[in-house]
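# Inside the fold
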Amino acid sequence: MTQVDDRLVQDMVQSVLSHIQTGWGGRVAPVTGQAVAAPVSAPRAGGAVATNGTPAGAGNKFGQFTDVNEAVEAAAVAQRALMRRSLAQREIACDLIRQICVQQADRLGEMEYEETRVGHRAHKSEKLVLVGQTAPGVKFLRTECFSGDHGITLEEHAPWGVIGVITPVTHSLPTLANNAVNMIAAGNSLVCNPHPGGKGVAAHGAKLFNQAIYEKLGIDNLISVITQPTIESAQEIFVHPGVRLLSITGGPGVVAAAMKSGKRAICAGPGNPPCVVDASADLDNAARCILEGAVYDNNLLCLSEKEVFVVADVWDAMMSAMESVGACRLTSQQMDQLGRICITPARDGGHPSANRKFVGAEPQVLAEQLGISIPAGCRMLFGQTEPDHVFVQAEQMMPVIPFVRCATFEQAVEFAVQAEHGFGHTAIIHSRLVDHMTAMGKAVDTTIFVKNGPSVAGDGSGGEGYGGYSIACSTGEGIATPMTYTRLRRCVLVDNLRII
Ligand code: NAD
């Protein structure tokens, strides 16, 4: 049988399943309110059985692929099947993913930690719960409308089809789960090339999601994963004609590679978020917030505070405030020594970068490198450095935060803008002066700008608004939602249907 015939058969099967679900007339029962799926059971040994009575057979892959062509083909079949379903059924698929994230957060968080060995164990599960509780779904989609003498025009947010997805090792499953909810809510399917360091948990999570969706809706492979990902398989996805859009979450290398592909790419690239503390700030609050944001998952978050600029007037008080909240202060010599161990110097005109061995390390592990011990409860190291220090210039992704003493507020902002490197990601200020907030906001020009809170408040944790694991700072879409993964289609009725 040729590949085309295979595809036709798969399409027919999905189509039959679709009609069983929706009724042969194509009508779908109206669904009011939020669609809530039944609790998700653990996958059964012997294979899943869809609620429509279709047993999972040898043909079910549950999103596990080694070959990019097969993955794209299967995701395309799944996406066409999804488009024959109601919006309520899309929401059910999203809900199933959310439920697995919450109900299996402990086990999946443990798996992710054991496999990646980066970050803080407890936060691995917490991040999944957050996806489960907050990832926006179908209701986030909007339709624009024009009504006038010439009738009615709608602008609808339509899916692209199959989206090629790259995820980072720092949040392997949370990023995949969050992307999947956003993309499926918008009517897409996805093929993911996870970071090799987190490929096991990504593939396992995708399997659980696909199994649950298949059991409930009879659609398999909406979330397809390359189980043995390489740079080459990423490249194949980048240029595959069946992939219409790319969604990249990672560092500068992968963002540059995706942008060269010739495809539209939504890029959630690196950050190096600066934090400024001026003389008017509530220093106790600033210290609590810096600690909360900077230590989350051992500083792995792209939006976490990575360096702090403090004006000289409150320098001593701010350093004391940091110690009061439990951060351990290092001498400048110790900061230099640790910088030599944990940061790789800049090459080829780039920025210094984190030594992978220490990314997401516990503060105790970092202290051991200096031959010192710190209290078990200490979550963060900090110390004074110059503004050009490697810990200031590198996206260190480890809980050691450089503090720079600045002569004036203006100098602090100047250093902050320089350290942000034009990534346009996140910046934070602690101040009671609105003119300082405004001046820094204009100067840094970042996607997220947080005032008087921890960085994570800018991503829905403790601040208003939704959150997400792909902050598209590099290409300007902001924190990704279902709308991010749509294209506009216009539907025009001329000279009629305007009823006023
Ligand atoms: P990384 O850049 O090493 O890897 C990210 C992904 O890109 C991985 O899947 C990797 O296999 C792939 N990759 C790397 N180089 C590639 C290339 N040349 N071609 C194709 N694929 C390639 O990053 P990481 O260590 O996994 O994650 C940390 C980085 O991601 C940090 O820079 C962080 O700021 C960024 N990040 C950004 C966001 C955001 O929302 N903006 C979220 C999480 C992480």
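Residues numbered from 1 in each chain as written. Predicted model: local features only at pLDDT ≥ 70, side-chain atom pairs only at ≥ 80, totals over all residues. Heavy atoms only, no water.

### So, a nonpolar patch on the surface
What counts, and what does not: Two joining distances apply to patches: 9 Å for like charges and 5 Å for nonpolar side chains (Val, Leu, Ile, Met, Phe, Trp, Tyr), and every residue must have over 30% relative accessible area and no salt bridge. For the accessible areas, the method is Shrake-Rupley and the probe is 1.4 Å, while residue cover comes only from the protein chains on display. Any Lys or Arg side-chain nitrogen located within 4 Å of an Asp or Glu carboxyl oxygen qualifies as a salt bridge. Only DSSP runs of H or I reaching four residues or more are called helices, and only runs of E reaching two or more are called strands; each is numbered from the N terminus. Each residue is placed in one exposure class: buried if its accessible area under a 1.4 Å probe, protein chains only, is under 20% of its type's maximum, exposed if it is over 50%, and partly exposed if it falls in between.
Among the surface-exposed residues, Leu 493, Leu 497, Ile 499 and Ile 500 lie close enough to one another that they form a single nonpolar patch of about 500 Å² accessible area. Residue placement: Ile 500 occurs in the segment after strand E20 (486-494). According to the relative accessible area criterion, Ile 500 is exposed, its value standing at 81%.

### Things to note about the sheet that holds strand E1 (residues 64-65)
Hydrogen bonds along the backbone pair up the strands of a sheet, which may run parallel or antiparallel. The criterion, for reference: A pair of strands is labelled paired if DSSP reports no fewer than 2 bridges between them. Whether two residues are in contact is decided by their heavy atoms, any of which lying within 4.5 Å being enough. Here an angle of 0 to 180 degrees is reported between the N-to-C directions of two axes, which are lines fitted to C-alpha atoms, with helices fitted over the stretch in contact.
Spatial ordering of the open sheet is given by E1-E6-E5-E4-E7-E8, a layout of six strands whose pairing is parallel. The sheet terminates laterally at E1 and strand E8 (265-268), the two strands that pair on one side only. Across four bridges, the pairing between strand E4 (residues 162-166) and strand E7 (residues 245-249) is parallel. Across the sheet, Val 165 pairs through a bridge with Ser 247, a residue of E7. Relative to strand E5 (residues 189-193), helix H2 (residues 68-83) is tilted by about 160°, and along the sheet it contacts E1, E4, E5 and strand E6 (223-226). Running at roughly 170° to E7, helix H9 (residues 252-259) makes contact with E4, E7 and E8 of the sheet.

### Observations regarding the confidence of the model for the chain
Spelled out, the test is: Residue-level confidence of the predictor, termed pLDDT, takes values from 0 up to 100.
Across the chain, the average pLDDT comes to 92, with 89% of residues at or above 70. Segment residues 41-47 is flagged for pLDDT under 50; beyond a separation of four residues in sequence, or across chains, it makes six contacts in the model.

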